[in-house]
Amino acid sequence: MNQLAIGNFIAQKRKEKNLTQAQLAEQLGVSNKTVSKWEWRF
């Protein structure tokens, strides 16, 4: 799995659960900026 596929997968699963990037970040104990970087190619 490449970085683009991982970013797409994270974004897709987050949206399926109706979570914002900030909400996901809080659950994972990271900043919302980190989640944004993970998804930046989506």
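Fair warning: this is a prediction, and the values are worked out from it, not measured in the lab.

## Some remarks on helix α1 (residues 3-16)
Phase 1 of the analysis: Here α1 spans 20 Å end to end across 14 residues, near enough to the 20 Å set by a 1.5 Å rise per residue.
Phase 2 of the analysis: Those residues of α1 not exposed but buried are G7, A11 and R14. What you see down the axis of α1 is that its buried residues fit within an arc of 65°, all on one side.
Phase 3 of the analysis: Buried positions along α1 lie against α2 (21-28) and α3 (32-39).
Phase 4 of the analysis: Residue N18 follows α1 closely and has a positive phi angle near 55°.

## Re unusual backbone geometry
For residues besides glycine, phi is generally negative; the peptide bonds are generally trans as well.
Phase 1 of the analysis: Look at N18: it is not a glycine, yet its phi comes out positive at around 55°.
Phase 2 of the analysis: Checked against the element boundaries, N18 lands in the loop between α1 and α2.

## Let's talk about the confidence of the model for the protein chain
Phase 1 of the analysis: Of all residues in the protein chain, 95% have pLDDT values of 70 or greater, and the mean over the chain is 92.
Phase 2 of the analysis: Confidence, expressed as mean pLDDT per element, reaches its minimum in the protein chain at α1 with 93 and its maximum at α2 with 97.

## Structural notes on the pattern of salt bridges
Phase 1 of the analysis: Enumeration over the complete set of coordinates arrives at two salt bridges.
Phase 2 of the analysis: Among the ionic pairs, K13 bridges to E16, the shortest N-O distance being 3.4 Å. Of this pair, K13 and E16 both sit in helix α1, separated by three residues, roughly a single helical turn.
Phase 3 of the analysis: Classification of E16 as partly exposed rests on a relative accessible area of 48%.
Phase 4 of the analysis: Put simply, R14 and E39 hold a salt bridge, and the shortest N to O gap is 2.8 Å. Of this pair, R14 sits in helix α1 while E39 sits in helix α3; the two residues are 25 residues apart in sequence, bridging distant segments of the chain. Grouping residues by exposure puts R14 and E39 together as buried.

Conventions used here
- Residues numbered from 1 in each chain as written.
- Predicted model: local features only at pLDDT ≥ 70, side-chain atom pairs only at ≥ 80, totals over all residues.
- Heavy atoms only, no water.
- Helix = DSSP H or I, 4+ residues; strand = E, 2+ residues; numbered from the N terminus.
- Expected span 1.5 Å × (residues − 1).
- Buried < 20%, exposed > 50% of the residue type's maximum accessible area, 1.4 Å probe, protein only.
- Arc of directions from axis to C-beta.
- Contact = heavy atoms within 4.5 Å.
- pLDDT = per-residue confidence, 0-100.
- Salt bridge = Lys/Arg side-chain N within 4 Å of Asp/Glu carboxyl O.

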